[in-house]
Amino acid sequence: MLEKNYNPKDFEENIYAKWENNGDFIPDMREDKEAFAIVIPPPNVTGVLHMGHALDNTLQDILIRYNRMLGKKVLWQPGTDHAGIATQMVVERNLAQEGLTRHDLGREKFIDRVWEWKKYSGGTICKQLRRLGASCDWSRERFTMDEGLSHAVRKIFVSLYKDGLIYKAKKLVNWDPKLETAVSDLEVVQKETVGKMYYYKYPLEDNPNEFIHIATTRPETMFGDTAVAVSKENPRLAHLIGKNCILPIVNRVIPIVGDEHADPEKGTGAVKITPAHDFNDFEVGKRHNLPMINILNPDATLNENTPFAGMTTQEARVKTIEKLTELGLMEKIEDHPMVIPYGDRSGVVIEPYMTDQWFVDAPKLAVEARRAVKDGEMQFIPAVYEKTYFEWMNNIQPWCISRQLWWGHQMPIWYGPDKHIFCEETEEQAQIEADKYYGHRVELVRETDVLDTWFSSGLWAFSTLGWPDNDKYLQTFYPTSVLVTAFDIIFFWVARMMMMSMYMMKKVPFKKCYIHGLVRDEQGRKMSKSKGNTVDPMETIEKYGADALRFFMASSETQGRDINLSDSRIQGYRNFATKLWNAARFCEMNKCYEAENFNISDAKLEINKWIIAKANEATQAVSESLNSYRFSESANAVYQFVWGTFCDWYIELTKPIFYGDNAADIEETRAVAAWVLDRILVILHPFMPFITTELWNNLTKRSHKLINMTWPTDIKVDAQDTQEIDWAIDFISAVRSLRAAMNLPAGAKLHAYVKGNVQDLQTIARQNKLICTLARLEELAPLADKEVSKDMVQTVCREATILIPLKGVVDFAAERERLNKELETLNKNLEGYARKLNNESFVAKAPAKVVEEEKRRQSEALENKAKVEEALARIANF
RNA sequence: GGGCGCUUAGCUCAGCUGGAAGAGCAUCUCGUUUACACCGAGAGGGUCGGGAGUUCGAACCUCUCAGCGCCCACCA
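Just so we're clear, the structure is a prediction, and the values are computed from it rather than from any experiment.

Peer 1: Can you help me understand the protein's contact with RNA strand B in this one?
Peer 2: Around RNA strand B, a shell composed of 57 residues is seen, among which Met197, Arg561, Trp643, Tyr833 and Lys845 lie nearest. Counting only the atoms of RNA strand B within 4 Å of the protein, the fraction contributed by sugar and phosphate is 56%. Note that a base nitrogen of RNA strand B is positioned 2.7 Å from one of the backbone N or O atoms of His261. In this structure, Lys655 approaches RNA strand B through a side-chain N or O atom, which is 3.4 Å from a phosphate oxygen. A total of ten residues in the surface near RNA strand B trace back to one element, the largest contributor, which is helix H19 (residues 567-589).

Rendered as structure tokens:
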């Protein structure tokens, strides 16, 4: 017996535990079936589930469950990411509460602390994914710092290094002064601010009374200036090229060079060149062979190359301006809108900084990654994201992969005493190579830098499947079928996976990449902790159940658009689950699952054939839309079928049968109702796995688990019979509408008569009881023209006319108004049809089918118009 | 500066290859009946941002104007 009320909390977690304990998520590797695999975008190991995860993983789970039901061998590969910077920051923050820094602990002890923290908080997000219903194969859970995955990292690193695709270089990189590490371009966010533009001047060397005028937003960097640039095309300043000027305060002589970087229109037309602290200046410096003077310490305080060693840039800026003012060189200060780079994790201003770093030759790796998409080996859905991908790939820069952090994969690089580099998978191997190289034993020192987190996640599609071992899973599931992720990590992750996979596997990591949008708050604002508008998916699940949240995500997911969270909609889908629950109770109460064995294709009753046909249609709609990744359409198709067709009509139509006394009809209807409900449970299962399973298990004893049920195929049904019920439904709706329009008392039992064609009259004869019950009619009978009396109001159902005598009950003025309104609509429509059909080119050029349809509508409207006019004439005198 | 989107009912949004404008929520009216009030029946509400064009036919294609948003680049 089902509980009276739908209460998801009672069963969701138990059901999940059973699935997992029974190994229902583990692919059956024995069977030779088509493979379908998804690798999960690994969440940060210490993270917690947010709405974005809920969306992303709901979509994946729908695809996984759907394909499992299609009979494929299905793997959803789960795991977590060590998230270098993010995790290290959290642990450092924890340490700070104890008054410690990582340096107090030392590298080894600190890393121990991180592992401890991982152990403590690492399970959270995976538990939450379970709560959502994600049917991942947890027995294969991986972590990017696992030994296996670390091995993959070392192996591919060595390979890239030996192929010359990883190199060390002293370059200007984005430096995070808080974390004291390099970061990649992608980890820098540009923020608009109103800063200041400082105008001052440098005296010329050959005539200290002449000056060159400079404008800058960062005066304190002048100590790193090694030139001033002006454009050769600049008529006012070009004559200065080749001269020298004197850098004030430190009185260093620097040249004035001609360079196109100096835009005559901007600032003063002359630019101070600080090659070690500005990306543009760095390029200028290279072109003119300028010295690079580093003026910053790793924490972004000024160093001993400046007069203000130890000061922050802000302090030094004030001092510099003071000094320049004293020297009479300061000219003016203006407000200036500009963008300043911040570290997306640390939130501090990023400094371009000269250091030794390691780079991946991304431009080279991009070639194959680009080609694979161009050739359709990997397809973006929706396809527009291809453009974003190509845009980035075409302008890709070398990828800085070294991080001066402690938490991460330490690079497999060892240095000899003369700094010779040995890149091997293990220390032993490096030692062997070193022995060979030096001819005697030397002490090797390992590179302390670790790798960018995205380096290991870039391997995720194959490292999790067992690579570098030629594992059975790798053979079976690689390339994976589809990657589901948000657009904001196309560059971070999708592009890197493409590059790494094409390089190492010579195959794409996934054949398709489904990109979805962000989940925003109800007002469409981005959710963020600082704004305080985040909604915890766990609270939503607690309140409405995981199925309701999942269904919301599915039905809201339309390609290329963000989703605004909506509590009322989620509540609506909880109501939907309740509705289904109650429909199941109806079936239970009517002993539908106790019916004798019955072959569904033997159904005789029209309503039963009708619902079977509708179930076919719904199933097809769901399959087709899921096959083309149209999630909202598929969800809406089930929703519409369950509520609008099964509950609103079929259940109502079965009542006259269940409450009647025809045993054979009852038996057939029981069997069909149970069959339809089963069908619903199957096609709804990918979207709402919990309630469907709970009902599946409780309605009757089952030989198969719902999760493994085969996706249904069509059952042949006579189209004639289904059309008959469609007509009857229109008829019932027409009577109901008339009742409401005429304000008839609900209890009034009416008599109704019909004028129509043979088929219509047959239908009212055959479905008489059914129509009378649902339309609440006392009597329903055919009527000859001469029997039409003056007190009848009328309405139409397709080509049939429905007449209802209302002796004195009706307000004829209201009825006249109603009929006139209808006449107006008909006339408007007729005008439209005439316009089209009188148009010769329409008749000539439009497809015959369209023209025919237009003619049919016209004649139907004409008939209806005549009927309405007739009715108006009839009541004219009341 | 370069690129990409969006603008449809009061609100949030569907509308796949051009062929009579849809859903959910909200609103209004009514509610006999044990599957369900987390419900049922019925109704109102849109010149599909403005303009021009292509077409027999445009929410959909082209151009243009206006508004909104996102991504990338940019510290003179």
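Peer 1: What am I meant to see in the nonpolar core here?
Peer 2: Side chains of nonpolar character tend, in soluble globular proteins, to be buried together. Residues Tyr389, Phe455, Phe646, Phe687 and Phe731 are the most contacted members of the largest nonpolar core, which totals 201 residues. Counting residues per element, this core draws most heavily on helix H21 (residues 631-658), which supplies 14 residues. Leu296, Ala316, Ile321 and Phe359 belong to the second largest nonpolar core, which has 35 residues in total.

Peer 1: Even after reading the chapter, I still don't get the pattern of salt bridges, so can you show me in this structure?
Peer 2: Oppositely charged side chains are able to pair whenever their charged atoms sit close together. Tallied over the entire structure, the rule returns 49 salt bridges. Between Glu667 and Arg670 there is a salt bridge whose closest N-O contact spans 3.3 Å. Here Glu667 pairs with Arg670, and both are found in helix H22 (residues 663-684), just three residues apart, close to one helical turn. Taking the relative accessible area as the measure of exposure, Glu667 reaches 23% and is therefore partly exposed. Between Arg798 and Asp730 there is a salt bridge, with the nearest N and O atoms lying 2.8 Å from each other. One end of the pair, Arg798, is in the loop between strand E28 (792-797) and strand E29 (800-805); the other, Asp730, is in helix H24 (residues 719-741), with 68 residues separating them in the sequence. Each of Lys836, Glu853, Glu854, Arg856, Arg857 and Glu860 takes part in one network of salt bridges that share partners.

Peer 1: How do you make sense of the packing of helix H18 (residues 546-556) against H21 when you look at a structure like this?
Peer 2: Put simply, H18 and H21 touch, their axes get as near as 6 Å, and they point 120° apart. Looking at the two axes, H18 sits oblique to H21. Seen from H18, the contacting residues are Phe551, Ala554 and Ser555; seen from H21, they are Phe631, Ser632, Ala635, Asn636 and Tyr639. Classifying every residue of the contact of H18 with H21 gives five nonpolar, three polar and no charged.

Peer 1: For this particular structure, what's the right way to read the environment of Val183?
Peer 2: Along the chain, Val183 turns up in strand E6 (residues 181-183). Taking the C-alpha atoms as reference, Val183 lies 9.7 Å from Asp344; in sequence the two are 161 residues apart. Leave out the neighbours within four places in its chain, and Val183 touches Ile85, Asn174, Asp176, Val188, Ile350 and Arg403.

Peer 1: What is the right way to read the confidence of the model for chain A from this model?
Peer 2: Interpretation of this model should avoid reading the predicted coordinates in detail wherever pLDDT is low. Confidence in the prediction for chain A averages 90 pLDDT; 99% of positions are at 70 or higher. Element-level mean pLDDT values for chain A span from 81 in helix H27 (residues 812-837) up to 97 in helix H23 (residues 689-699). Taken over the whole predicted complex, pTM reads 0.92, whereas the ipTM for its chain interfaces reads 0.95.

Peer 1: Looking at this structure, I do not really get the environment of Met197. What am I missing?
Peer 2: Take Met197: it is sitting in strand E7 (residues 188-203). On the basis of relative accessible area, Met197 is assigned to the buried category, the value being 12%. It is 5.1 Å that separates the C-alpha atoms of Met197 and Glu334, two residues lying 137 residues apart in sequence. Excluding residues within four positions of it along the chain, Met197 makes contact with Ala215, Thr216, Thr217, Lys332, Ile333, Glu334 and His336.

Peer 1: Would you take a moment to explain empty space enclosed by the protein for this structure?
Peer 2: It is a probe the size of a water molecule, rolled over the atoms, that shows where empty space is left. What the rule picks out here adds up to one cavity of 30 Å³ or more. Quantified by volume, the largest cavity comes out at close to 30 Å³. Along the lines of polarity and charge, the residues of the lining of the largest cavity split into three nonpolar, two polar and four charged.

Rules and cut-offs
Residues numbered from 1 in each chain as written. Chains lettered and ligands numbered in written order. Predicted model: local features only at pLDDT ≥ 70, side-chain atom pairs only at ≥ 80, totals over all residues. Heavy atoms only, no water. Near = heavy atom within 4 Å. Polar contact = N/O pair within 3.5 Å; in protein donor to acceptor, adjacent residues only side chain to side chain. Helix = DSSP H or I, 4+ residues; strand = E, 2+ residues; numbered from the N terminus. Core = buried A, V, L, I, M, F, W, Y, C linked by side-chain atoms within 4.5 Å. Buried < 20%, exposed > 50% of the residue type's maximum accessible area, 1.4 Å probe, protein only. Salt bridge = Lys/Arg side-chain N within 4 Å of Asp/Glu carboxyl O. Axes fitted to C-alpha atoms, helices over the stretch in contact; angles between N-to-C directions. Parallel < 35°, antiparallel > 145°, perpendicular 65-115°, else oblique. Contact = heavy atoms within 4.5 Å. Nonpolar A, V, L, I, M, F, W, Y, C, P; charged D, E, K, R; others polar. pLDDT = per-residue confidence, 0-100. 1 Å grid on protein atoms, 1.4 Å probe; cavity = no way out; pocket = protein on both sides within 12 Å on 5 of 7 lines; lining within 4 Å. Points joined across faces, edges and corners; volume = space filled by probe spheres on them.

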